[in-house]
Amino acid sequence: DWFRRHVLMAIISGKEGAFRVEVSQCSWLSHFPPENVFVFSDRVAGAGDDRTPHEWVLGELPEGVWEKDGDIYSKYLPNGYVQQVRSAGQGYSAGWIAAQFRFTQALEHMININKLQKAGRLSESPGKNSAMRARQSDLDYMWFMIIDDDTIINLNNLVTRLKQVSNPSIPWYLSRKGWGGAGHIYNLLALSKMKEALPKCMETYMLKSFRASDAMLLKCAGVAKLATQKEQTMSHCPASNLGAKGMISNSQVSFHGKKDFYPPVLLATWRVHLYYLATYCRDPKAGELAAEWSACAFGSCKQHGCTKEKNALMKSRWKEVSQNGSSKTIPLFLLQ
C-alpha cells in the first residue's frame, strides 16, 4: 500500500516488449498496483491496452527528431544516428535508438501526473486508469522510478530501501552508476530539478552527440546537482552474475534479466519464473536454478566460465527437459 500511495513507475519497452511485460505481469509485476505503472512502447496499438492492466503510452520522438528508412535524424545529425553509432563500432538499430528517447518521455509523463495529483485534478490525467487514481484520496507521490522491460523488481525490498532514504530536502537519485537495467529512482525534489535540466541535457547529450539514455541521465544528474546514490541494492546484471545467494538476498531491489528474456518463449518464461521464486519466495533451489539456467552476460556482468558455447548448450539441454523444443511444457519438476 505504501508503493500505491507514494511511487510511480515507468517501464521502457520496444517492439518485443509486449511479451516481456506480459511475462513479468504473470510473476513479479502482479504485486504492483497497475494504476502506478506506465509502459512506454512503440507497439501500443498492436499490443492493445488490455494485454496487461497497465497504461500503455505510445513512444514518441522529441520535436525536431524523425525516423526514416531505418534511421533516426535531426538537424544536428543529418546523416543519421544509426550511422553515427555504427561508425563508433556499435551495432544499435533505429528501434533501439528511438527507445532511448522514451526515458525522458517517461520522466515528463510522471512529472505531469504528479502535477495533477498535487492540484487535485487526477481525473484529468491521461490513460485508462485515471479514474482509479482520482478515487484515491491518500496519494502523495514522493518517488519516481524508470526501468527497462527486462528489469525485475522486488517490491518489498524496494519499499524498505526507499523508506530508509528519508530526507526529502535532498534531491536523491538512486541508481547503479546510471545503468538503465538496474533502474533510475528520483525523489520529488530530484524530479523537479531534472525537469529544469532535461531540455539542455537532451540537446547536449542525445541530440548533438548521441548517448544511450542511461549515460545521458547520469550526466544530467550531475548537471541538475542531484545527490547521486550508487546503490549496491540495484543490479544491472542477471542471475548468472549474481549467483544463487544474490538471488535470494533480503535487500536486493533490482535484477536485470538481459538475455534471460530472449526466446525461446517458454525458456524465457521459465527463467523469469525462477527469478520470481528466488526473489519473492526466497526459495534456495530456485536461486540455484536461476543462476544455473541464466544466460551468460558479457561486459561488466561477465562471469568466469560464461561463454557463447555455454548459452548454446543450455538451449540444447532445455529442448530435452521441456520436451519438443520448449513448445510443449515448462519443466517445473526441476524444482522438486
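Refer to the structure printed above.
What comes next concerns the included structure. These figures come from a predicted structure and were not determined experimentally. (Residues numbered from 1 in each chain as written. Predicted model: local features only at pLDDT ≥ 70, side-chain atom pairs only at ≥ 80, totals over all residues. Heavy atoms only, no water.)

### Describing the nonpolar core
Inference 1: If you look at the biggest cluster of nonpolar residues, it comprises 49 residues, and the most contacted ones within it are Met9, Trp28, Phe32, Trp143 and Leu158.
Inference 2: The element contributing the most residues to this core is helix α12 (residues 265-280), with 9 residues.
Inference 3: If we ignore the near neighbours within four places in the chain, the residues touching Trp28 are Met9, Ile147, Thr151, Ile152, Ile153, Tyr276 and Tyr280.
Inference 4: Met110, Tyr186, Ala197 and Met206 belong to the second-largest nonpolar core, a separate cluster that totals 47 residues. (Core = buried A, V, L, I, M, F, W, Y, C linked by side-chain atoms within 4.5 Å. Buried < 20%, exposed > 50% of the residue type's maximum accessible area, 1.4 Å probe, protein only. Helix = DSSP H or I, 4+ residues; strand = E, 2+ residues; numbered from the N terminus. Contact = heavy atoms within 4.5 Å.)

### Thoughts on the state of the cysteines
Inference 1: Using the criterion set out here, one finds 2 disulfides in the structure.
Inference 2: The disulfide that involves Cys201 links it to Cys220, with 2.2 Å between the sulfurs. Judged by the torsion about the S-S bond (90°), the Cys201/Cys220 disulfide is right-handed. With a gap of 19 residues between them, Cys201 in helix α9 (residues 188-207) and Cys220 in helix α10 (residues 213-223) connect regions that are remote in the sequence.
Inference 3: Given a relative accessible area of 1%, Cys201 falls into the buried group. (Disulfide = S-S within 2.5 Å.)

### Here we look at the pattern of salt bridges
Inference 1: Scanning the model with the defined rule gives 12 salt bridges in all.
Inference 2: In this structure, the salt-bridge partner of Arg5 is Asp1, at a minimum N-O distance of 3.0 Å.
Inference 3: By relative accessible area, Arg5 is classed as partly exposed at 22%.
Inference 4: Note that Arg121 is salt-bridged to Glu124, the shortest N-O span being 2.9 Å.
Inference 5: One salt-bridge network, in which partners are shared between bridges, spans Asp1, Arg4, Arg5 and Asp138. (Salt bridge = Lys/Arg side-chain N within 4 Å of Asp/Glu carboxyl O.)

### What to know about α10
One turn of an α-helix holds 3.6 residues; hence residues three or four places apart share an orientation.
Inference 1: Of all the positions in α10, only Ser213, Met216, Leu217, Cys220 and Ala221 are classed as buried. The buried residues of α10 occupy an angular sector of 140° when the element is viewed end-on, so they sit on one face.
Inference 2: Turning to α10, the residues buried within the fold contact α5 (94-100), α6 (102-118), β8 (172-175), β9 (184-187), α9 and β10 (227-230).
Inference 3: Of the residues flanking the end of α10, it is Lys225, one or two places downstream, whose phi is positive at about 60°. (Arc of directions from axis to C-beta.)

### Topic: unusual backbone geometry
Most peptide bonds take the trans form, and the phi angle of most residues other than glycine is negative.
Inference 1: Residue Pro264 is bonded to the preceding Pro263 through a cis peptide linkage, with omega at 5°.
Inference 2: As for its placement among the helices and strands, Pro264 is situated in the loop between β11 (254-256) and α12.
Inference 3: We note that Lys177 has phi near 60°; this positive angle belongs to a residue other than glycine.
Inference 4: Note on placement: Lys177 falls in the loop between β8 and β9.
Inference 5: Its identity as a non-glycine residue notwithstanding, Lys225 has a phi of 60°, on the positive side.
Inference 6: Mapped onto the secondary structure, Lys225 falls in the loop between α10 and β10.
Inference 7: Given a relative accessible area of 66%, Lys225 falls into the exposed group.

### Quick look at the environment of Tyr81
Inference 1: Topologically, Tyr81 is positioned in helix α4 (residues 81-87).
Inference 2: Under the relative-accessibility criterion, Tyr81 is labelled buried at 0%.
Inference 3: Taking the C-alpha atoms as reference points, Tyr81 and Arg211, 130 residues apart in sequence, are found 9.9 Å from one another.
Inference 4: Those residues in contact with Tyr81 that lie beyond four places of it in its chain are Asp71, Ile72, Tyr73, Ser74, Ile97, Met206, Leu207 and Phe210.

### Concerning a positive patch on the surface
Inference 1: Where like charges cluster on the molecular surface, the positive patch consists of Lys259, Lys308, Lys315 and Lys319.
Inference 2: Along the chain, Lys319 falls in helix α14 (residues 308-322).
Inference 3: Overall, the relative accessible area of 51% leaves Lys319 in the exposed class. (Patch = residues over 30% accessible without salt bridge, like charges linked within 9 Å, V, L, I, M, F, W, Y side chains within 5 Å. Areas by Shrake-Rupley, 256 points an atom, 1.4 Å probe, with all protein chains shown as cover. Lys, Arg positive; Asp, Glu negative; His and termini not counted. Charge placed at Lys NZ, Arg CZ, Asp CG, Glu CD.)

### Some remarks on the sheet that holds β8
Inference 1: In spatial order, the strands read β3-β2-β1-β6-β9-β8-β10; together these 7 strands make up an open sheet with mixed pairing. Here the strands that pair on one side only, and so sit at the sheet edges, are β3 (55-58) and β10. Adjacent strand axes in the sheet meet at a mean angle of 20° when their direction is disregarded.
Inference 2: Judged from the 2 bridges that link them, β8 and β9 form a sheet pairing that is antiparallel. Bridge assignment links Tyr173 to a residue of β9, and that residue is Tyr186.
Inference 3: Those strands touched by α9 are β6 (143-148), β8 and β9, and its axis lies near 100° from that of β9. (Pairing = 2+ DSSP bridges. Axes fitted to C-alpha atoms, helices over the stretch in contact; angles between N-to-C directions.)

### Points about the pairing of strand β2 (residues 37-41)
Inference 1: The buried count for β2 comes to 5 of 5 residues, which makes it a mostly enclosed element.
Inference 2: Of the two faces of β2, the one lined by Val37, Val39 and Ser41 and the one lined by Phe38 and Phe40 are each fully buried.
Inference 3: Bridge analysis of strand β1 (residues 7-12) against β2 gives 4 bridges, and the strand direction is parallel. Each bridged residue has a counterpart across the sheet, and for Met9 the counterpart in β2 is Val37.
Inference 4: Two strands pair when backbone bridges link them, and β2 and β3 are joined in this way by 4 bridges, in the parallel orientation. Along β3, the bridge assignment pairs Phe38 with Glu55.

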